[in-house]
Amino acid sequence: WTLSEEMYDKGKFSDCLFVREHLLTATQRVHGHEHTDVAAGLDNIGVVYRDLGKLPEALAKHDEALRIRRSKLGDDHIDVAKSLDNIGLVYRDLGNLAEALAKHDEALR
């Protein structure tokens, strides 16, 4: 992830996305599609999509990360809260403030 983080920090979001998608594919090959490392990769890709203004794509990645994390870690895990927070940020950017607030509130529980 170091290379993708460096690209992200430099604002090279398209390059970062390319690297993160390849890392996700590799992680899925090693661990399968339902592993928490896959969820982390999906969440990281969702962040880049959000920064690129591709909000539906971002929401889809964060939703999938949340589904995996809930099934593997349970509702009370900090990584579930991180996914909920990311989803809330996307809803905020979409202008759906009620749903954004609901997701942020759920993340705090």
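Please refer to the structure higher up on the page.
This report concerns the structure included in the present document. The residue count restarts for each chain, going from 1 along the sequence in the order it is written. In keeping with the predicted nature of the model, local features appear solely for residues at pLDDT of at least 70, side-chain atom pairs appear and are counted solely at 80 or more, and the whole-chain, interface and lining totals rest on all residues. Note that the side-chain values use all heavy atoms of the structure and ignore hydrogens as well as water.

Things to note about the overall build of the protein chain
Note on conventions: DSSP H or I runs of at least 4 residues are helices, E runs of at least 2 residues are strands, and numbering of each starts at the N terminus. Secondary structure summary: the protein chain contains six helices and zero strands in total. Starting at the N terminus, the α and β elements of the protein chain follow one another as α-α-α-α-α-α. For this measure, only C-alpha atoms enter the radius of gyration; the expected value for a globule follows 2.2 Å times N^0.38, where N is the number of residues. A compact globule built from 109 residues would reach a C-alpha radius of gyration of about 13 Å, and the protein chain, at 14 Å, matches this within 12%. Over its C-alpha atoms, taken along the principal directions, the protein chain stretches across nearly 35 × 30 × 20 Å. Within the protein chain, counting contacts between residues at least 6 apart in sequence, those at least 24 apart form 48% of the total. All accessibility values rest on the Shrake-Rupley procedure with a 1.4 Å probe; residue burial counts only the protein chains present in the view. Accessible surface computed for the protein chain: about 6,300 Å², of which carbon and sulfur atoms make up 51%. Note on contacts: a residue pair is in contact if any heavy atoms of the two residues lie within 4.5 Å.

Quick look at the pattern of salt bridges
Within this document, salt bridges are pairs made up of a side-chain nitrogen of Lys or Arg and a carboxyl oxygen of Asp or Glu, the two lying within 4 Å of each other. With the rule as written, the count across this model stands at eleven salt bridges. Linking Arg67 and Glu34 is a salt bridge whose minimum nitrogen-to-oxygen distance equals 2.8 Å. Residue Arg67 is found in helix 4 (residues 55-73), and its partner Glu34 is found in the loop between helix 2 (13-31) and helix 3 (36-51); the two are separated by 33 residues along the sequence. For the salt bridge of Asp79 with Lys82, the shortest nitrogen-to-oxygen distance reads 3.5 Å.

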